[in-house]
Amino acid sequence: MSLTATFRKEAEDLVKEQMAAYDPSHDWLHVDRVRRQALKIAKEESTNGKTIDIKLIELAALFHDIGDAKFHKEGQPTGREIVMAFLAKHDYAKADIVAKIVENVSFRKELAGIKNEWAESCIELHIVQDADKLDAIGAFGIMRCAAYSGYKNRPLYDPAEKAQLNMTYEQYQAQTKANTGCAISHFHEKLFRLKDMMKTSSAVRMAQKRHDVMVAFVEQIEEEYSMDE
């Protein structure tokens, strides 16, 4: 069962309002891509005999970046608070599950390795996580990385910036807070890792092509910088 047209429109309007304060790498168009990707994965996974709540998928995908820690300011309501308040008006029975998914969709959260029975078994969480990761890689991932680097005033490519490979959650948090690195080092530190973090068979299949696009792009950047053409 899918969302009614009115419910969907009001949810989209809320997201557009929230995303208006974010940079182009985390705008409404990113959210819409993640929503469409999540629904595509859900359709494919359901053909494998899995029971999937499509309404839950769409709402969680739409709201997944509300209250994003990268943009959240002290004193503002949290993503959970915004989502729960909206869904309460619609008397949506699974509001708490939507909020839990929103709280667990991010590279940082997955890197932290927080494990519990719900997080390990919730297929709707896995689908939205995978959809968000897919939009972080490939051609759109390349453009989003450049856009966010510009927003944070980080260099696009600085050979003096050596990538920190296989960072722990604590190391990644420290680097984010210090705002160090460059766009290309981000590929080595995060984006190249995402292919192997996919949780659904559909996303695993889709990720390889997008990963290869990024590898070729970074190789081309390094070749052009070295003047070895």
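Conventions and cut-offs
- Residues numbered from 1 in each chain as written.
- Predicted model: local features only at pLDDT ≥ 70, side-chain atom pairs only at ≥ 80, totals over all residues.
- Heavy atoms only, no water.
- Helix = DSSP H or I, 4+ residues; strand = E, 2+ residues; numbered from the N terminus.
- Buried < 20%, exposed > 50% of the residue type's maximum accessible area, 1.4 Å probe, protein only.
- Contact = heavy atoms within 4.5 Å.
- Areas by Shrake-Rupley, 256 points an atom, 1.4 Å probe, with all protein chains shown as cover.
- Lys, Arg positive; Asp, Glu negative; His and termini not counted.
- Charge placed at Lys NZ, Arg CZ, Asp CG, Glu CD.
- 1 Å grid on protein atoms, 1.4 Å probe; cavity = no way out; pocket = protein on both sides within 12 Å on 5 of 7 lines; lining within 4 Å.
- Points joined across faces, edges and corners; volume = space filled by probe spheres on them.
- Nonpolar A, V, L, I, M, F, W, Y, C, P; charged D, E, K, R; others polar.
- UniProt positions renumbered as here; feature names shortened; annotations may be inferred.
- Axes fitted to C-alpha atoms, helices over the stretch in contact; angles between N-to-C directions.
- Parallel < 35°, antiparallel > 145°, perpendicular 65-115°, else oblique.
- Left-handed = near helix turned anticlockwise from the far one by under 90°.

Looking up the protein in an unreviewed UniProt entry gives the name HD/PDEase domain-containing protein, with the organism given as Linnemannia hyalina.

Participant: Explain the overall build of the protein residue by residue, including any values.
Facilitator: A tally of helices and strands in the protein yields 12 helices and zero strands. If you list the helices and strands of the protein from N to C, you get α-α-α-α-α-α-α-α-α-α-α-α. Considered along the principal axes of its C-alpha atoms, the protein spans approximately 60 × 45 × 30 Å. In the protein, which comprises 229 residues, the share counted as buried stands at 47%. Residue pairs at least 24 apart in sequence account for 73% of intrachain contacts in the protein once pairs closer than 6 positions are excluded. Put simply, the protein shows about 11900 Å² of open surface, and 52% of that area lies on carbon and sulfur atoms. When the 32 basic and 37 acidic side-chain charges of the protein are each reduced to a single mean position, those positions are 3 Å apart.

Participant: Give me the lowdown on the side chain of Q129, citing residues and values where you can.
Facilitator: Summarising the element assignment, Q129 is placed in helix α8 (residues 123-134). Excluding residues that lie within four positions of it along the chain, Q129 makes contacts with N104, V105, E110 and K199.

Participant: Before we move on, can you summarise the environment of L56 with the specific residues and values?
Facilitator: Considering the arrangement of structural elements, one finds L56 in helix α3 (residues 54-63). With a relative accessible area of 2%, L56 lands in the buried category. A sequence separation of 45 residues divides L56 from I101, and the C-alpha atoms of the two residues are 9.5 Å apart. If sequence neighbours within four positions are ignored, L56 has contacts with Y92, K94, I97, V98, I101 and E124.

Participant: Can you tell me about the layout of surface pockets, naming the residues and giving the values?
Facilitator: Approximately 960 Å³ is the volume attributed to the largest pocket. In terms of lining, the largest pocket is formed by 48 residues, of which the most central are D68, K70, S106, R108 and K190. Put simply, the parts of the chain that give the lining of the largest pocket at least two residues each are α4 (79-89), α5 (95-103), α6 (107-112), α8, α9 (138-151), α10 (169-178) and α11 (183-189). Among the residues forming the lining of the largest pocket, the class breakdown is 16 nonpolar, 17 polar and 15 charged.

Participant: Give me the lowdown on unusual backbone geometry, citing residues and values where you can.
Facilitator: The backbone phi angle of D91 is positive, close to 50 degrees, even though this residue is not glycine. Relative to the helices and strands, D91 is located in the loop between α4 and α5.

Participant: Lay out the UniProt feature "domain: HD/PDEase" (unreviewed entry) in the protein with the relevant residues and their values.
Facilitator: When the UniProt feature table is mapped to this numbering, "domain: HD/PDEase" (unreviewed entry) covers residues 23-146. In the segment residues 23-146, helix accounts for 65% and strand for 0%; the C-alpha atoms at its two ends are 11 Å apart.

Participant: A description of the packing of α3 against α8 should follow, citing residues and the corresponding values.
Facilitator: With their axes 10 Å apart at the nearest point, α3 and α8 run at an angle of 40 degrees to one another. On the basis of the axis angle, α3 is oblique to α8. Two packed elements cross with a definite hand, and for α3 against α8 that hand is right-handed. The segment α3 lies against α8, with L56, I57, A60 and A61 engaging E124, I127 and V128.

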